[in-house]
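Here's the letter readout for the chains.
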Amino acid sequence: MTNKLDEAGLDTIFRAARSANGYNGDPVTEADIRAIYDLLKMGPTSANQQSGRFVWVTSEAAKAKLAETASGTNGAKILAAPASVVIGMDLKFNEHLPWLFPHAPTAKDWFPDPEVRFKHAFRNSSLQGAYFIIAARALGFDVGPMSGFDHDKVDAAFFGDQPDVKSNFIATLGHADHATIFDRLPRPEFEQFNRID
């Protein structure tokens, strides 16, 4: 069994962590990106589907391309961040199951229906996007997840050569400028949205 995180670890990942709206200018390196991915990929997905596809946006040209797809103030946030990531989903994730889930040789054929594949790809890439946030925080980074963007434009700009990969959500990444962080928004008490049957 895994060890329980101490209070400082829980604060880092959840209680004290906040969504970033601006960054202090410290860089995000390729080594940092690889370290984040090497953690997030360890999170569980259904039948180890690993349907998430990640485009790490670090160059000025790529930032400008991503910013053009964003709505509201999101474009400015992308341009100012040291890095952003497009979390995509592979609608043909099942093609990789022979090596990702080798103990079930027929797993590739479990998903013949495109609608079913979409649901699996969306669910599991969303999980992997959440693992990205947790991994980044665990390694000392801040994240600004966002859904305010044009999916078709992002898909054309970043997955144009992969028609079976579609965008799920995007996020900025770096070390937050704490002056840009909003006060903590309300969180529901257990009794509001939970029940134990």
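Criteria and cut-off values
Residues numbered from 1 in each chain as written. Predicted model: local features only at pLDDT ≥ 70, side-chain atom pairs only at ≥ 80, totals over all residues. Heavy atoms only, no water. Pairing = 2+ DSSP bridges. Helix = DSSP H or I, 4+ residues; strand = E, 2+ residues; numbered from the N terminus. Axes fitted to C-alpha atoms, helices over the stretch in contact; angles between N-to-C directions. Contact = heavy atoms within 4.5 Å. Buried < 20%, exposed > 50% of the residue type's maximum accessible area, 1.4 Å probe, protein only. Parallel < 35°, antiparallel > 145°, perpendicular 65-115°, else oblique. Left-handed = near helix turned anticlockwise from the far one by under 90°. Nonpolar A, V, L, I, M, F, W, Y, C, P; charged D, E, K, R; others polar. Polar contact = N/O pair within 3.5 Å; in protein donor to acceptor, adjacent residues only side chain to side chain. Expected span 1.5 Å × (residues − 1).

Caption draft 1: Structural detail: the sheet that holds strand S2 (residues 83-90). A sheet is described by the order of its strands in space; here four strands give the open sequence S1-S2-S4-S3, paired in antiparallel fashion. Two strands in the sheet have a free side with no partner beyond their single neighbour: strand S1 (52-57) and strand S3 (142-146). In this sheet, adjacent strand axes meet at a mean angle of 25 degrees when their direction is disregarded. Relative to strand S4 (residues 165-174), S3 runs antiparallel, the two sharing five bridges. Across the sheet, the residue bridging to Val143 is Leu173, located in S4. Contacts from helix H3 (residues 60-67) reach S1, S2 and S4, with the element oriented near 120 degrees to S1. Helix-sheet contacts for helix H7 (residues 151-158) involve S1, S2 and S4, and the interaxial angle to S4 is about 85 degrees.

Caption draft 2: Unusual backbone geometry, seen in detail. The backbone of Ala47 sits at a positive phi, close to 50 degrees, despite the residue not being glycine. For Ala47, the location among the structural elements is in the loop between helix H2 (30-40) and S1. Relative accessible area serves as the criterion here: at 22%, Ala47 is assigned to the partly exposed category. A positive phi angle is found at Gln50, which is not glycine, with a value near 50 degrees. Along the polypeptide, Gln50 turns up in the loop between H2 and S1.

Caption draft 3: A look at the packing of helix H1 (residues 7-15) against helix H6 (residues 114-138). Two elements in contact, H1 and H6, have axes separated by 9 Å at closest approach and are oriented at 135 degrees. It follows from the interaxial angle that H1 and H6 lie oblique. Handedness of the crossing formed by H1 with H6: right-handed. In this structure, H1 uses Thr12, Ile13 and Phe14 to contact H6, whose residues at the interface are Ile134, Arg137 and Ala138. The residue makeup of the contact of H1 with H6, split by class, is four nonpolar, one polar and one charged.

Caption draft 4: Focus on the environment of Arg195. Mapping Arg195 onto the fold places it in the segment after helix H8 (190-193). For Arg195, a relative accessible area of 68% puts it in the exposed group. Note: C-alpha distance between Arg195 and Glu68 (127 residues apart in sequence) is 43 Å. A polar contact is formed between the side chain of Arg195 and the side chain of Asp197, at a distance of 3.0 Å.

Caption draft 5: Summary view of H6. A rise of 1.5 Å per residue sets the reference length of H6, with its 25 residues, at 36 Å; its end C-alpha atoms lie 35 Å apart and thus fit the reference within 8%. With a side-chain oxygen lying 2.8 Å from the backbone nitrogen of Glu115, the N-terminal cap of H6 falls on Asp113. At the exit of H6 stands Gly140, carrying a positive phi of roughly 95 degrees.

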